[in-house]
Amino acid sequence: FGHAGVADQLAPAEPFNMRRSQETASDDIDGSDMQVCRACRLPLGQVGYVADDGVDVFMHGECKAEALVHRVREEEQARLQKEAAQNRERRAQYGIGWNVDFIPRNVELAAKLGCSLKAGEMCCVVLDSKSKTLSLAPTSDPAAAVNLEYLSLAIRVRRQEGREPLFSLDPVVNASEELKAGWQVKRFEPSWLAGTSLGEVMFQADYHLKELSMGACEQPVVGMTSCFDRAGQDEEWSAREWFVVRRAEVQLSQDSVLIPRVKMAVEAREQIQGDDGLEDAPITRPDHPLVKYAEDFSKYFDLIAERRSVFHNLREVAKAAVLAKFLIEGEIRLDESWLHTAGQTVDPGCSEIPQLWAERCHSQIQVSDGRIKDWERGIGSRMHSVYGGVQMGLERFPLQEIVVAPSRISRSDMQQPRAPGFDLSRSLIQMLAAGMPSPQGVDLNLDTFNLSAPAEVSLPRQQDFFAAGLAFWQLAEHADFFADLYNPYLSDRRDEEGLFIPPDSGRGHLEKLRKLMGDERLVSDSRKQLFLSKAFAADSAGPVFPSSWTSSVEGQKAASGDAAPVARQLLRAQGADEAVPSLDRVMKASAPSFDRRTEDGCRFRIYRVGGYEVRTTQPHGCKETTDVVFCRQAVKHVSEATSESSCLLDERIVKVLEYVEALDALAGQCAHRSAISHQFYIVAQTESGVTIVVEPTKEGALLWTESPSGLEARSLIAKVTRAAECRDLHISVTDIKQYHDEAMCGQSGDGGRPEAWRRYARGLFELVAPARDESA
């Protein structure tokens, strides 16, 4: 999939044969008369590509590829910025995106039901089991807190429809019964939920889930990967994912407060085209990208619900639906005011909305033997369709059994008075450090719950609860656990301010959060370990880092063996305490060459100062620290002469290449060559993989070495000036060895002179591939 005309504009032309122009140039190939590359200023040899800034200006294939990669990356960045701006406009136009203003306030609704609440105070439902009536009371227990508008709407749906609320995003089908690509329609059951606070929560939560699934925004958990990052480049599929309730129950505290408990998850199914449109595939493979994402989201749901306001409110909606089912099926006497406490509905907006995730760019440029090959560029657009919604499935749970919590006091007006603001870090944080066991999750398929006959269970004794609203944030600033839990790069819960409901302070819930956050720390540690190693590559960070760190435009230089990027092979680790003392001062005045941020706000930077490469990290809220310093080493390009051949003399030669390398880019080991800026060398490859290198020395000789160390790194830096394939010409090691010995006898120590090298190289290429030289 490509943008019209872009690939044609960027695709390199056929390489220009520069042989004739080189032959008419001076025999002195020190670069003064020879045409040089526009980018690296090294001699071009016999193959060149036209540069962007002139018809008579040429570049090496490697340099042309680098220029193409840079240009495509700039265009891709501009495309993404334009797409982001368009998405912001469409989000505003279609009302897409969660806002804390959607959260209903309890104070006015509680007053209608005879309960006086202070601003920011939570509310709970109290059951009189004798009269089967309800009342409201203030509470400090987050587990007992309910949103009265959500509950009122859920009761109304249960009484009128006999089920819980439902929402889904469905494909749009036009008059010809064809799918309208890129658009989805909102479906509420019952339909009057459109425009209500409860309906808005379900819509926004479902849409945000799909954005996260498709990688349209940052993940709420460190290390989570989207479907796009899991799927193959050419893989196309349609699927649906939806929120479900895995387990549910209603508890009754010692002071008769009803406590709805839910465990939510996400499920996914692949879809195929059937006779009546899209339908579930008979079997969805377990490694399907959306299934794997749903599994991860379910695993971390409690952590995500604490961090993202929209998912926290979806859980509150599920709690309200569970409580509504219990009240209706338990034949609790409800005053009509319970059905009419919800606020006024608002304009639901457009029923059809666009999907704001679609395109991913992928480009690849391959360079082999100095020539650009396999130029590919594509835009993967709208290949993955995701539908689904909120289908709690509460009918599975016959809520007719109440779990009694005999030691829990939830009502604020019945708890022992205490000084405002208890110490978070003492009792609760110590409990987290002790590793208290956590309970199993709660499945919210409420139709399988029987909530009529109380069943006693042993629960923890009465405990302190976290302060709600703004008071919580004043205390949480002093606890590292909550600083990590509500990291502003991962969480938007601070925006709720006075509406904030703190986490359940039960041991099981906090211990589960602690364990899930422990998984995040393992990911963070592995990221830092990789970043501080030689294996880290700035353009290809790998799957452990966010996918945005890995460029969608790849430039690859083909090489034999396992060729790692040369920068990694030219670094020597040096501890931060051994770094040059002036580095810190120089770093402060320098801009980093690499500066990226992970989803949790941790910044990773690379500074290149002289011959040093400094790598630093800076977690959110911390100072930048220098963790490791690498010293760039010169490539040891001159090896000791080989006394005995390591390959058979009758072994066949398959390829011969001539390279040119810049000497000024090397370190002090090459200081004796500072009189010239470059040098040539030849590499011959045998069919068994042995490499033979011939190059001039400072003494004027031509050095023959076999499989020298560091050749891979050296050749990745150098540029190919000539290449010849000779696999089918039966040229052996003996043939080129004989030519080399004869050339050495006739040169009398002048093999290092440019004109002598040119004669040697031309003669060798005429030997190995007469009339077959690829660059001819």
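Residues numbered from 1 in each chain as written. Predicted model: local features only at pLDDT ≥ 70, side-chain atom pairs only at ≥ 80, totals over all residues. Heavy atoms only, no water.

Asker: Help me out: how do you make sense of the overall build of the protein in this one?
Answerer: In terms of helices and strands, the protein carries 19 helices and 27 strands. Burial analysis of the protein (776 residues in total) assigns 51% to the buried set. Put simply, of all contacts in the protein between residues at least 6 apart along the chain, 73% involve residues at least 24 apart. Roughly 35500 Å² of accessible area belongs to the protein as shown, and the carbon and sulfur atoms make up 48% of that amount. (Helix = DSSP H or I, 4+ residues; strand = E, 2+ residues; numbered from the N terminus. Buried < 20%, exposed > 50% of the residue type's maximum accessible area, 1.4 Å probe, protein only. Contact = heavy atoms within 4.5 Å. Areas by Shrake-Rupley, 256 points an atom, 1.4 Å probe, with all protein chains shown as cover.)

Asker: How do you make sense of unusual backbone geometry when you look at a structure like this?
Answerer: Cis peptide bonds are those with omega within 30 degrees of zero, and the linkage from Glu189 to Pro190 qualifies with -5°. Mapped onto the secondary structure, Pro190 falls in the loop between strand 7 (179-189) and helix 6 (197-213). Residues other than glycine seldom take positive phi values, yet Arg41 does so here, at roughly 65°. Relative to the helices and strands, Arg41 is located in the loop between helix 2 (19-24) and strand 2 (47-50). Judged by its relative accessible area of 53%, Arg41 is exposed. Even without a glycine there, the phi angle at Glu497 is positive, about 50°. Tracing the backbone shows Glu497 in the loop between helix 13 (480-485) and helix 14 (507-531).

Asker: What's the story with the sheet that holds strand 26 (residues 702-706) in this structure? I'm lost.
Answerer: Working definition: the strands of a sheet are paired by backbone hydrogen bonds and lie parallel or antiparallel to each other. Here we have five strands laid out as an open sheet, ordered 26-25-24-23-27, and antiparallel in their pairing. At either end of the open sheet lies a strand with only one pairing partner, and these are strand 26 and strand 27 (719-725). For this sheet, the mean angle separating the axes of adjacent strands, direction not counted, is 15°. Here four bridges tie strand 24 (residues 678-686) to strand 25 (residues 691-696), and the two strands are oriented antiparallel to one another. Bridged to Ile682 within strand 25 is Val694. (Pairing = 2+ DSSP bridges. Axes fitted to C-alpha atoms, helices over the stretch in contact; angles between N-to-C directions.)

Asker: Looking at this structure, I do not really get the packing of aromatic side chains. What am I missing?
Answerer: Aromatic rings considered in pairs are described by the distance between their centres and by the relative angle of their planes. Counting across every chain of the model gives 34 aromatic pairs. Between the aromatic rings of Phe243 and Phe301, the centroid separation amounts to 6.3 Å while the plane-to-plane angle is 75°, which identifies the pairing as edge-to-face. In this pair, Phe243 is assigned in strand 8 (residues 237-253) and Phe301 in helix 9 (residues 301-307), connecting sequence segments 58 residues apart. Residue Phe301 is classed as buried on the basis of its relative accessible area, which comes to 0%. Taken together, the ring pairs in this structure connect Phe466, Phe472, Trp473, Phe481, Phe482, Tyr486 and Phe500 into an aromatic cluster. For the cation-ring pair, Arg156 lies above Trp192, with the distance from its terminal atom to the ring centre recorded as 3.9 Å. Over the aromatic face of Phe765 sits the side chain of Arg722, whose NZ or CZ is 5.0 Å from the ring centroid. (Phe/Tyr/Trp six-rings, centres within 6.5 Å; stacked < 30°, edge-to-face > 60°. Lys NZ or Arg CZ within 6 Å of the ring centre and 35° of its normal.)

Asker: Please clarify how the confidence of the model for the protein should be interpreted in this entry.
Answerer: A low pLDDT score tells you not to read the predicted coordinates there in detail. Averaged over every residue, the pLDDT of the protein is 77; the share at 70 or more is 72%. Every residue in residues 416-446 scores below 50 in pLDDT, and together they form 95 contacts with partners more than four places removed in sequence or on other chains. Here residues 559-565 scores under 50 on pLDDT; set against residues more than four positions off or in separate chains, the count is nine contacts. (pLDDT = per-residue confidence, 0-100.)

Asker: Help me understand the packing of helix 5 (residues 148-161) against helix 10 (residues 309-329), please; the structure alone is not making it clear to me.
Answerer: Pairs of packed helices are described in terms of their axes, by the angle between the two and the distance that separates them. Packing of helix 5 against helix 10 brings their axes to within 8 Å, and their N-to-C directions diverge by 45°. In this view, helix 5 runs oblique relative to helix 10, as classed from their interaxial angle. Along this stretch, helix 5 crosses helix 10, giving a crossing that reads as right-handed. On the side of helix 5, the interface is formed by Tyr150, Leu151, Ala154, Ile155, Arg158 and Arg159, while helix 10 contributes Asn313, Glu316, Val317, Ala320, Ala321, Leu323, Ala324, Lys325, Leu327 and Ile328. (Parallel < 35°, antiparallel > 145°, perpendicular 65-115°, else oblique. Left-handed = near helix turned anticlockwise from the far one by under 90°.)

Asker: Help me out: how do you make sense of the pairing of strand 20 (residues 603-609) in this one?
Answerer: For a regular strand, side-chain orientation follows a simple rule: the groups alternate between the two sheet faces. With respect to burial, strand 20 is a largely interior element, five of its seven residues being buried. When strand 19 (residues 594-597) meets strand 20, the two strands line up antiparallel, connected through four bridges. Counterpart to Arg596 in the pairing with strand 20 is Phe604. What sits between the antiparallel neighbours strand 19 and strand 20 is a turn of five residues, in which Gly601 has the positive phi angle 90°.

Asker: Any chance you could explain the pattern of salt bridges here in plain terms?
Answerer: Side-chain pairing between opposite charges can occur once the charged atoms of the two side chains come close. A complete count under the given rule lists 38 salt bridges for this structure. Across the salt bridge formed by Arg514 and Glu511, the nearest N and O atoms sit 2.4 Å from each other. Separated by three residues within a single helix, Arg514 and Glu511 lie in helix 14, roughly one turn from each other. Residue Arg514 is classed as partly exposed on the basis of its relative accessible area, which comes to 26%. Given the relative accessible area of 2%, Glu511 is considered buried. Within this structure, Lys263, Asp302, Glu306, Arg315, Arg493, Glu496 and Lys512 form a network of salt bridges that share partners. (Salt bridge = Lys/Arg side-chain N within 4 Å of Asp/Glu carboxyl O.)

Asker: Help me out: how do you make sense of the side chain of Arg605 in this one?
Answerer: Of note, Arg605 is situated in strand 20. On the basis of relative accessibility, which here comes to 7%, the residue Arg605 falls in the buried class. Polar contacts involving the side chain of Arg605 include one to the side chain of Gln618, which spans 2.9 Å. Excluding its chain neighbours within four sequence positions, the residues that come into contact with Arg605 are Phe531, Pro592, Phe594, Asp595, Val614, Arg615, Thr616, Gln618 and Glu624. (Polar contact = N/O pair within 3.5 Å; in protein donor to acceptor, adjacent residues only side chain to side chain.)

Asker: I would appreciate a short explanation of the packing of helix 6 against helix 8 (residues 289-299) in the present structure.
Answerer: Contact geometry of helix 6 with helix 8 gives a least axis separation of 11 Å together with a crossing angle of 120°. For helix 6 against helix 8, the interelement crossing comes out right-handed. Within the contact between the two elements, helix 6 uses Leu209, Leu212 and Ser213 and helix 8 uses Leu290, Tyr293 and Phe297. Its residues assigned to classes, the contact of helix 6 with helix 8 comprises five nonpolar, one polar and no charged. (Nonpolar A, V, L, I, M, F, W, Y, C, P; charged D, E, K, R; others polar.)

Asker: What exactly am I supposed to notice about the state of the cysteines here?
Answerer: Between two cysteines, a covalent bond joining their sulfur atoms is known as a disulfide. The full count for this structure, using the stated rule, is zero disulfides. Here Cys37 is not disulfide-linked; the sulfur of Cys63 is the nearest cysteine sulfur, at 3.7 Å. Taking the relative accessible area as the measure of exposure, Cys63 reaches 5% and is therefore buried. (Disulfide = S-S within 2.5 Å.)

Asker: Explain the nonpolar core here, please?
Answerer: In globular proteins that are soluble, nonpolar side chains generally tend to be buried together. Among the nonpolar cores identified, the biggest contains 101 residues, and Phe243, Leu258 and Phe297 are the most heavily contacted of them. Core analysis: the second largest hydrophobic core is formed by 25 residues, Ile682, Trp757, Tyr760 and Ala769 among them. (Core = buried A, V, L, I, M, F, W, Y, C linked by side-chain atoms within 4.5 Å.)

Asker: When you look at the pairing of strand 4 (residues 122-128) in this model, what are you seeing that I'm missing?
Answerer: Strand 4 sits mainly inside the fold: six of its seven residues count as buried. Two elements, strand 4 and strand 5 (residues 133-139), share seven bridges in a ladder whose sense is antiparallel. Across the sheet, the residue bridging to Leu127 is Leu134, located in strand 5. Where strand 4 meets strand 9 (residues 257-274), two bridges bridge the pair, whose relative direction is antiparallel. Paired with Val125 across the bridge in strand 9 is Leu258.

Asker: Even after reading the chapter, I still don't get helix 10, so can you show me in this structure?
Answerer: Because each turn of an α-helix spans 3.6 residues, side chains separated by three or four positions in sequence point in the same direction. The terminal C-alpha atoms of helix 10, which comprises 21 residues, lie 30 Å apart, in line with the 30 Å expected from a rise of 1.5 Å per residue. Here helix 10 lies mainly inside the structure; 19 of its 21 residues are buried. Backbone geometry just after helix 10 places Glu331 at a positive phi near 55°. (Expected span 1.5 Å × (residues − 1).)

Asker: Whenever I open this one, helix 3 (residues 61-94) confuses me. Can you help?
Answerer: With 34 residues, helix 3 should reach 50 Å at 1.5 Å per residue; the first-to-last C-alpha distance of 48 Å fits that figure. Buried within helix 3 are the following residues: Gly61, Glu62, Cys63, Lys64, Ala65, Leu68, Val69, Val72, Glu76, Arg79, Asn87 and Tyr94. Positioned one or two residues after helix 3, Gly95 has a phi angle of 65°, which is positive.

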